[in-house]
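Chains, contacts and geometry: an overview
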Amino acid sequence: MEKTLDLKYTFTEKKDTRSGFGDGLLEAGRRNPNVVGLCADLTGSLKMNAFEKEFPERFFQVGIAEANMIGLAAGMTIGGKIPFTGTFANFSTGRVYDQIRQSVAYSEKNVKICASHAGLTLGEDGATHQILEDVGMMKMLPNMTVIVPCDYNQTKAATLALVNHVGPAYLRFGRPSWPIFTPADQKFEIGKAIKMIEGTDVTIFATGHLVWEAIVAEAMLREEGISAEVINIHTIKPLDEEAILTSISKTGCAVSAEEHQINGGLGDSIAQVLARKQPSPLELIGVNDSFGESGTPTQLLEKYGLNAENIVKAAKRAIARK
Amino acid sequence: MEKQSIDQLKQICSQVRRDCLRMVHAVQSGHPGAALGLTEYFVGLYFNEMKHDNKFNMDGKGEDLFFLSNGHVSALWYSVLARCGYFNTEELGTFRKLNSRLQGHPATHEGLPGIRIASGSLGQGLSVAIGAAQTKKLNNDDKLVYVMMGDGEQQEGQVWEAAMYASHHKVDNLIAAIDYNGQQIDGPTSKVMDLLNLRSKYEAFGWEVIDIKEGNDMASVVEGMAKAKSLTGKGKPVMILLYTEMGYGVDFMVGTHKWHGVAPNDEQLANALGQLEETLGDY
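Cut-offs applied
Residues numbered from 1 in each chain as written. Chains lettered and ligands numbered in written order. Predicted model: local features only at pLDDT ≥ 70, side-chain atom pairs only at ≥ 80, totals over all residues. Heavy atoms only, no water. Contact = heavy atoms within 4.5 Å. Buried area = accessible area lost by both parts, 1.4 Å probe. Polar contact = N/O pair within 3.5 Å; in protein donor to acceptor, adjacent residues only side chain to side chain. Helix = DSSP H or I, 4+ residues; strand = E, 2+ residues; numbered from the N terminus. Nonpolar A, V, L, I, M, F, W, Y, C, P; charged D, E, K, R; others polar. Buried < 20%, exposed > 50% of the residue type's maximum accessible area, 1.4 Å probe, protein only. Pairing = 2+ DSSP bridges. Right-handed = clockwise from strand over helix to strand, strands pointing away. Axes fitted to C-alpha atoms, helices over the stretch in contact; angles between N-to-C directions. Parallel < 35°, antiparallel > 145°, perpendicular 65-115°, else oblique. Left-handed = near helix turned anticlockwise from the far one by under 90°. Phe/Tyr/Trp six-rings, centres within 6.5 Å; stacked < 30°, edge-to-face > 60°. Lys NZ or Arg CZ within 6 Å of the ring centre and 35° of its normal. UniProt positions renumbered as here; feature names shortened; annotations may be inferred. Salt bridge = Lys/Arg side-chain N within 4 Å of Asp/Glu carboxyl O.

Now for the interface of chain A and chain B. Listed as interface residues are 29 residues of chain A and, on the opposing side, 30 residues of chain B. Roughly 2,400 Å² of surface becomes buried between chain A and chain B when both sides are summed, with 53% attributable to carbon and sulfur atoms. Its largest share of buried area at the contact with chain B, chain A owes to I78, Q102 and Y106 of chain A, together 27% of the area lost on that side. If you look at where chain A meets chain B, you find 17 residue pairs in polar contact (both at pLDDT 80 or more). Going through the elements one at a time, β3 (59-61), α3 (66-76) and α5 (97-106) of chain A are the ones with two or more residues in the side of chain A that touches chain B. Considering only residue class, the side of chain A that touches chain B consists of 10 nonpolar, 12 polar and seven charged.

Encoded structure:
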């Protein structure tokens, strides 16, 4: 189906977003001698090997001990280091929530919590590893910045941007190979949404892997004569309220799309903005109060209602409610 | 700050104990027991052992650093910091009150000089101290990092994650101490969750372990700290098992967990202060 679509963005290569992190971290290490890396026995999975090889004295293997890793990282900031911690999203957040809350967020430490294998697209490992609540937990913490980039290039750009951002941050990315459709030389501004496609009938606010699904959905909607605007919200917190309100003023309705629980995710944040500033129809695409399961990423996005076809249906529902 | 004689340190201890009791009494909340038990160690650290600057800088480069993991001992830390000149002693009167920098448990959030990380939720301080010690190594800073933990706190799993890490990574610029008073909120540690042989445990984790058997005797504390320092730089993290008595210095508070988190009433305060000489002037 995708082959026949007239997509506004195309790709020649697929790559995992975690490789964008790994390559970004290596570049960050070269640019700034204060960047240090910590990993809890997942160096290969997080693509931190290149950093470890080039900067062995600035890489710290923590073993399977995530709580300790967060504390270490907080301590390392005292004296000017910029620690990037790496493990799966599940072990980066839920397992260590109290450590992040006290030693990082409340203490305002310059720690970058970098989390891979987030969401359903982790795939076959199943629900124990497919965390769908991490964005909610992290965005509730005062002082915490939350970033969910959409492809390899954007993840690399986000990683580099975090070096110059002072304060606690959560960077969420994933496992599967995914289209690379944003430019390699993109400017990444934390907190600044990116308008991917102009449209007039409905806005699709998407984050992470689902930005690609939103781009596919836009082409499908266009075939039916519906003009959709696609906005890439890579920073969930602080949220770019201005971009949201500007777009909704034009289109009058919206769909949010994310690989996360609806409760606590991007859609929930957008709903708050709309309720306070400009009440408008909003349909929320995300996992609806359930755990995931084993399967391929494509199968899971379909079963849990997160793919382009579901975004199209949601867009029509939103338009009908105007 | 010039090193103080044992007699001078004892005098400071008496005043610090008065401060702690008056702070907790004034707001009728806080944790006097462990604060009184750890007074000699804190006074020894800040007035004798550590090289530190009361013109506070968060990064603390070129200084010895101290982290408090069992944050409920906050009254003691605040008193010692104020008596060292990090902030005015009058501010001790704001302890645990609204809009104070002296939060119930220590925090950086309000900008109180001398505090480098929040603590209160137990088990996190050892990890933080190890991280800070590794940054000192990366920065070619030869000063030391100190951390205090509670004995009940040893029941937290994160402590052992950190213990394993510190020896593996040869963090030998670290002196940790455990307030070995044998008490926790629900009663004696031996009844709540027995720690058994802490020395053997830390030795098995690859640490150098020393005892300060008389943790409320100023001379023993100073001597033990010097010994601990002599063991740094040899490839192993150093642990002090600091034997203290909860509530030390006040006869009706000593040796019981009952004063862990209870404030004295007016009469009890008067009785307690009668046992402690005012040496530096009450705030």
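What follows deals with the side chain of E229 of chain A. Residues and elements named next belong to chain A. With respect to the secondary-structure elements, E229 resides in strand β11 (residues 228-232). Here G199 takes part through its backbone nitrogen, which lies 3.0 Å from a polar atom of the side chain of E229. When neighbours within four sequence positions are excluded, E229 is seen to be in contact with K195, I197, E198, G199, V202, T203, I204, S247, K250 and T251.

To continue, consider unusual backbone geometry. Cis rather than trans, the peptide bond between K237 of chain A and P238 of chain A has omega equal to 0 degrees. One can find P238 of chain A in the loop between β12 (235-237) and α9 (241-251). A positive phi angle, close to 60 degrees, is found at K47 of chain A, a residue other than glycine. Among the secondary structure elements, K47 of chain A is positioned in the loop between β2 (35-39) and α2 (49-54). Positive phi, close to 55 degrees, is recorded for N140 of chain B, a residue that is not glycine. You can see N140 of chain B is positioned in the loop between α5 (125-138) and β2 (145-150). For N140 of chain B, a relative accessible area of 70% translates into the label exposed.

Right, let's talk about the pairing of β2 of chain A for a bit. Residue and element names in this part refer to chain A. The element β2 is largely enclosed, with a buried count of five among its five residues. Side-chain alternation along β2 places V35, G37 and C39 on one buried face and V36 and L38 on a second face that is also buried. In the sheet, β2 pairs with strand β4 (residues 82-88) via five bridges, with the strands oriented parallel. Of the residues in β4, the one forming a bridge with V36 is P83. Relative to β3, β2 runs parallel, the two sharing three bridges. Paired with L38 across the strands is F60, a residue of β3. At this point the chain moves from β2, through α2, to the parallel β3, and the crossover so formed is right-handed.

We now examine the packing of α3 of chain A against helix α6 (residues 157-168) of chain B. Geometrically, a packed helix pair is captured by the angle between its two axes and the distance between the axes. Where α3 of chain A contacts α6 of chain B, the axes come no closer than 8 Å and their chain directions differ by 65 degrees. As far as their axial angle goes, α6 of chain B and α3 of chain A are roughly perpendicular. Along this stretch, α3 of chain A crosses α6 of chain B, giving a crossing that reads as right-handed. Each of E66, A67, N68, G71, L72 and M76 of chain A in α3 of chain A lies in contact with α6 of chain B, whose residues at this interface are Q158, E161, A162 and Y165 of chain B. Across the contact of α3 of chain A with α6 of chain B, the residue classes break down as five nonpolar, three polar and two charged.

All names here are of chain A. One open sheet accounts for seven strands, arranged β3-β2-β4-β5-β7-β6-β12; its pairing is mixed. Pairing within the sheet leaves two strands with one partner each, and these edge strands are β3 and β12. Mean inter-strand twist for the sheet, computed between neighbouring axes without regard to direction, equals 20 degrees. Against the sheet, helix α1 (residues 17-31) engages β2, β4, β5 (112-116) and β7 (169-172), with an angle of about 140 degrees to β2.

Moving on: the packing of aromatic side chains. This model, assessed by the stated rule, comprises 16 aromatic pairs over all chains. For the pair F66 of chain B and W77 of chain B, a centre-to-centre distance of 5.5 Å together with 85 degrees between the ring planes defines the contact as edge-to-face. Note that F66 of chain B is positioned in strand β1 (residues 65-68) and W77 of chain B in helix α4 (residues 74-83), a separation of 11 residues in sequence. For F66 of chain B, a relative accessible area of 2% corresponds to the buried category. A ring pair is formed by W160 of chain B and Y202 of chain B, whose centres lie 4.7 Å apart and whose planes are at 40 degrees; its orientation type is tilted. A residue pair is termed long-range when its members are at least 10 positions apart, and W160 of chain B in helix α6 and Y202 of chain B in helix α8 (residues 198-204) qualify at 42 residues. Here W160 of chain B matches Y202 of chain B in class, with each residue buried. Pairwise contacts between aromatic rings join F42, Y46, F66, W77 and Y86 of chain B into one cluster. When the ring centre of Y152 of chain A is taken as reference, the NZ or CZ atom of K15 of chain A above it lies at 4.3 Å. One Lys or Arg, R58 of chain A, reaches over the ring of F55 of chain A and ends 4.2 Å from the middle of that ring.

The subject of this paragraph is the side chain of T77 of chain A. Mapping T77 of chain A onto the fold places it in the loop between α3 and β4. At 2.6 Å, the side chain of T77 of chain A forms a polar contact with the backbone oxygen of A74 of chain A. Once you skip the residues sitting within four places of it in the chain, T77 of chain A turns out to touch P83, K109, N110 and V111 of chain A together with D59 of chain B.

Residue and element names in this part refer to chain B. Following the sequence through the fold, V159 ends up in helix α6. The buried category is assigned to V159, whose relative accessible area is 0%. For the pair formed by V159 and L122, sequence separation is 37 residues and the distance between their alpha carbons is 9.1 Å. The contact partners of V159, leaving out residues within four places of it in the chain, are G123, L126, M149, E153, Q154 and Y202.

Turning next to the UniProt feature "domain: Transketolase N-terminal" (unreviewed entry) in chain B. In the UniProt entry, the feature "domain: Transketolase N-terminal" (unreviewed entry) is given for residues 11-271 of chain B. Along residues 11-271 of chain B, the helical share is 38% and the strand share 12%, with 19 Å between the first and last C-alpha atoms.

The next point concerns the pattern of salt bridges. All names here are of chain A. Under the definition given, this model contains 32 salt bridges over all chains. One salt bridge connects E54 with R30, and the closest N-O pair in it is separated by 2.8 Å. Linking E54 in helix α2 with R30 in helix α1, this pair joins segments that are 24 residues apart in sequence. The partly exposed category is assigned to R30, whose relative accessible area is 49%. For E224, the salt bridge is made with K316, and the minimal N-O distance between the two is 2.7 Å. Pair noted here: E224 is in the loop between α8 (210-223) and β11 and K316 is in helix α12 (residues 308-320), with a separation of 92 residues, a long-range link. What emerges from the salt-bridge pattern is a single network uniting K195, E198, E229 and K250.

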